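Remarks on the overall topology
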Amino acid sequence: MPHCRFLPFVCAALMVVVSPLVLAQSAEREWRAYEDALARGERQANVWQYGWAGVYATTLAVNAYQASEASDRDDRYDARVGVVKSALALGGTLMDRQPHLEAYRELREGDGNIESARRLMQAVAEEERRRRSLEARLGSLAVNLASGLLIGVGDGRERDGAINFATGMLVSELQLQTQPRQATVAINRFQPARVSFGDIHLEGEYALLVTPNQLGVALRY
């Protein structure tokens, strides 16, 4: 039918009219999703830091006691090694601030520009990935390898040294994997989308935005 020829142009006209409103609503939802992600990341970062600091402070106190009071000579030696490991881990945890607190403050005090918010989230997500990279494991690898060698080679107890090394690496990996990753999840929500109206093709991205008080869809094109 002749009027069907005009359907793509009608759709295009409607898109031109509706686009500013859709973009404004989707940008607002996207902003709220980022704000919610950083708020949750900040809470988890605090729990992570103080929780692990409590774990290492406890092990430091136990090792310090065992280093002088344990009846077995091997236990006292292992405890002295443990004091050094726990002290290093405690100091590192207390000084190692996650990026979510500063990013959340920067987002809330920003000018409301969605592009700036996206760049901020990309930077936080990159920092989250860096904290789980091979490079991030090198410090714990060096400390645990040194403690294992002190016990296994220095004190002549290879099996105990290997157990000390493996246990230390397991705890370090657990600490690393429990770090917040809300920014990475928020960034990865957006997926490619392609919409066609006859000869008109629109390409962009979409995301399902889920927050404690709303459910929506964000569009970027």
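My aim in this report is to walk through the structure given alongside it, one point at a time. (Residues numbered from 1 in each chain as written. Predicted model: local features only at pLDDT ≥ 70, side-chain atom pairs only at ≥ 80, totals over all residues. Heavy atoms only, no water.)

Quick notes on the overall build of the chain
Counting its regular elements, the chain contains seven helices and three strands. Relative to its full complement of 221 residues, the chain shows a buried share of 33%. When contacts within the chain are restricted to residue pairs at least 6 apart in sequence, long-range pairs at least 24 apart make up 70% of them. By element, 62% of the accessible surface of the chain is carried by carbon and sulfur atoms, the whole surface being about 13,300 Å². (Helix = DSSP H or I, 4+ residues; strand = E, 2+ residues; numbered from the N terminus. Buried < 20%, exposed > 50% of the residue type's maximum accessible area, 1.4 Å probe, protein only. Contact = heavy atoms within 4.5 Å. Areas by Shrake-Rupley, 256 points an atom, 1.4 Å probe, with all protein chains shown as cover.)

Things to note about the packing of helix α3 (residues 100–108) against helix α4 (residues 114–130)
Where α3 contacts α4, the two axes come as close as 11 Å, and the packing angle between them is 180°. Relative to α4, the element α3 is oriented roughly antiparallel. Facing His 100, Ala 103, Glu 106 and Leu 107 of α3, the residues of α4 in contact are Ala 117, Leu 120, Val 124 and Glu 128. When the residues that make up the contact of α3 with α4 are grouped by side-chain class, the tally is five nonpolar, one polar and two charged. (Axes fitted to C-alpha atoms, helices over the stretch in contact; angles between N-to-C directions. Parallel < 35°, antiparallel > 145°, perpendicular 65-115°, else oblique. Nonpolar A, V, L, I, M, F, W, Y, C, P; charged D, E, K, R; others polar.)

What to know about the layout of surface pockets
Looking at the largest pocket, its volume works out to about 1,000 Å³. Along the walls of the largest pocket sit 35 residues, with Tyr 56, Ala 89, Ser 140, Ser 172 and Gln 175 positioned nearest its centre. Where the lining of the largest pocket is concerned, the elements lending two or more residues are α1 (7–69), α2 (73–95), α5 (134–154) and α6 (158–177). With 10 residues, α6 is the largest single contributor of residues to the lining of the largest pocket. (1 Å grid on protein atoms, 1.4 Å probe; cavity = no way out; pocket = protein on both sides within 12 Å on 5 of 7 lines; lining within 4 Å. Points joined across faces, edges and corners; volume = space filled by probe spheres on them.)

Quick word on α4
Compared with the 24 Å implied by 1.5 Å per residue over 17 residues, the 24 Å span of α4 between its first and last C-alpha is a close match. Capping the start of α4 is the job of one residue whose side-chain oxygen sits 2.9 Å from the backbone nitrogen of Glu 115: Asn 113. (Expected span 1.5 Å × (residues − 1). Polar contact = N/O pair within 3.5 Å; in protein donor to acceptor, adjacent residues only side chain to side chain.)

A closer look at α2
In this model, α2 (23 residues) spans 34 Å end to end at C-alpha, consistent with the 33 Å of a helix rising 1.5 Å per residue. Along α2, the positions that sit buried rather than exposed are Tyr 77, Ala 79, Val 81, Gly 82, Lys 85, Ser 86, Leu 90 and Thr 93. Between a side-chain oxygen at the N-terminus of α2 and the backbone nitrogen of Asp 74 the separation is 3.0 Å; the capping residue is Asp 72.

A look at the pattern of salt bridges
Counting across every chain of the model gives 16 salt bridges. Between Arg 108 and Glu 35 there is a salt bridge, with the nearest N and O atoms lying 3.9 Å from each other. Placement of Arg 108 in helix α3 and of Glu 35 in helix α1 is noted, with a sequence separation of 73 residues between them. For Arg 108, a relative accessible area of 56% translates into the label exposed. Its relative accessible area of 26% is what places Glu 35 among the partly exposed residues. A salt bridge links Glu 127 to Arg 131, with the nearest nitrogen and oxygen atoms 3.1 Å apart. Under the relative-accessibility criterion, Arg 131 is labelled buried at 9%. (Salt bridge = Lys/Arg side-chain N within 4 Å of Asp/Glu carboxyl O.)

Side note on the environment of Ala 136
Relative to the helices and strands, Ala 136 resides in helix α5. Its relative accessible area of 32% is what places Ala 136 among the partly exposed residues. With 40 residues separating them in the primary sequence, Ala 136 and Leu 176 have C-alpha atoms 8.5 Å apart. Setting aside anything within four residues of it in sequence, one finds Ala 136 in contact with Arg 130, Arg 131 and Leu 176.

Quick word on the nonpolar core
Counting residues in hydrophobic clusters, the biggest one holds 17 residues, and the most contacted among them are Tyr 34, Leu 38, Leu 107, Ala 117 and Met 121. Going through the elements one at a time, α1, α3, α4 and α7 (182–188) are the ones with two or more residues in this core. Among the elements that make up this core, the one with the highest residue count is α4 (six residues). Excluding its chain neighbours within four sequence positions, the residues that come into contact with Leu 107 are Trp 31, Tyr 34, Glu 35, Leu 38, Ala 117 and Leu 120. Formed by five residues, the second largest nonpolar core is a distinct cluster that contains Trp 52, Ala 53, Tyr 56 and Leu 90. (Core = buried A, V, L, I, M, F, W, Y, C linked by side-chain atoms within 4.5 Å.)

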